[in-house]
Amino acid sequence: MVSSSVLAQRKEKRMLSNRESARRSRMRKQKHLDDLMLQVGCLRQEKNQIFTAINVTSQHYIGVEAENSVLRAQTMELSNRLRCLTEIIHCMTVDGAGDGSGGVGGGGTFAMGLAVGEDDSLLRPWNPLLMKQSLLNSDMFQYC
């Protein structure tokens with residue numbers, strides 16, 4: 001049979017091997033833990049950068065929405081002005097048509113019953129000369 005000294009050597013060799021294996025295992029675990037901690041740090045930094053980018057983008061979005069709201073209001077106002085001016089032009093062309101004056105501001109329906117040559121400028125508000133003066137003096141074109 002095998003002597004006790006050989007068994008003791010085998011036992012000691014196995015114990016040393018087990019200790020070395022445990023040491024390598026602890027080192028692997030420590031390295032894995034260090035790698036995970038490094039990864040956590042990188043992910044936290046990336047998270048902070050993403051939150052910062054989201055905040056900047058949100059502020060930019062709020063600014064653009066406010067600007068869009070102003071532009072929508074301006075568009076509505078300008079559309080209403082255009083509609084009103086179109087109606088004025090339509091009224092002027094309807095008034096001047098068919099009276100023999102050949103266009104805008106001649107006799108027409110506003111100067112009802114006045115003799116030729118009478119001053120009907122107050123009754124004909126669409127007189128081109130009066131209209132030109134009133135348009136230039138008005139604040140209608142303040143946004144142009």
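Residues numbered from 1 in each chain as written. Predicted model: local features only at pLDDT ≥ 70, side-chain atom pairs only at ≥ 80, totals over all residues. Heavy atoms only, no water.

J.: Please clarify how the overall build of the chain should be interpreted in this entry.
T.: From N to C terminus, the chain includes two helices and zero strands. In the chain, the share of contacts with a sequence separation of at least 24, taken over all contacts with a separation of at least 6, comes to 26%. A total of about 12400 Å² of accessible surface is found on the chain, and carbon and sulfur atoms cover 62% of it. (Helix = DSSP H or I, 4+ residues; strand = E, 2+ residues; numbered from the N terminus. Contact = heavy atoms within 4.5 Å. Areas by Shrake-Rupley, 256 points an atom, 1.4 Å probe, with all protein chains shown as cover.)

J.: What's the story with the confidence of the model for the chain in this structure? I'm lost.
T.: Do not read the predicted coordinates in detail wherever pLDDT is low. With 64% of its residues at a pLDDT of 70 or more, the chain has an overall mean of 80. Across residues 102–116, confidence stays below pLDDT 50; counting only partners more than four residues off in sequence or on other chains, it has 28 contacts. (pLDDT = per-residue confidence, 0-100.)

J.: Looking at this structure, how should I read the pattern of salt bridges?
T.: A side chain of one charge can pair with a side chain of the opposite charge when the charged atoms of the two come close. Under the definition given, this model contains five salt bridges. A salt bridge links Arg-81 to Glu-77, with the shortest nitrogen-to-oxygen separation between them at 3.0 Å. One end of the pair, Arg-81, and the other, Glu-77, are both in helix α1 (residues 4–96), four residues apart, so they sit about a helical turn from each other. Bridged by salt links that share partners, the residues Glu-20, Arg-23 and Arg-24 form one connected network. (Salt bridge = Lys/Arg side-chain N within 4 Å of Asp/Glu carboxyl O.)

J.: Help me out: how do you make sense of a nonpolar patch on the surface in this one?
T.: A contiguous nonpolar surface patch, about 280 Å² in accessible area, is contributed by Ile-50, Phe-51 and Ile-54. Judged by relative accessible area, Phe-51 falls into the partly exposed class, the value being 47%. (Patch = residues over 30% accessible without salt bridge, like charges linked within 9 Å, V, L, I, M, F, W, Y side chains within 5 Å. Buried < 20%, exposed > 50% of the residue type's maximum accessible area, 1.4 Å probe, protein only.)

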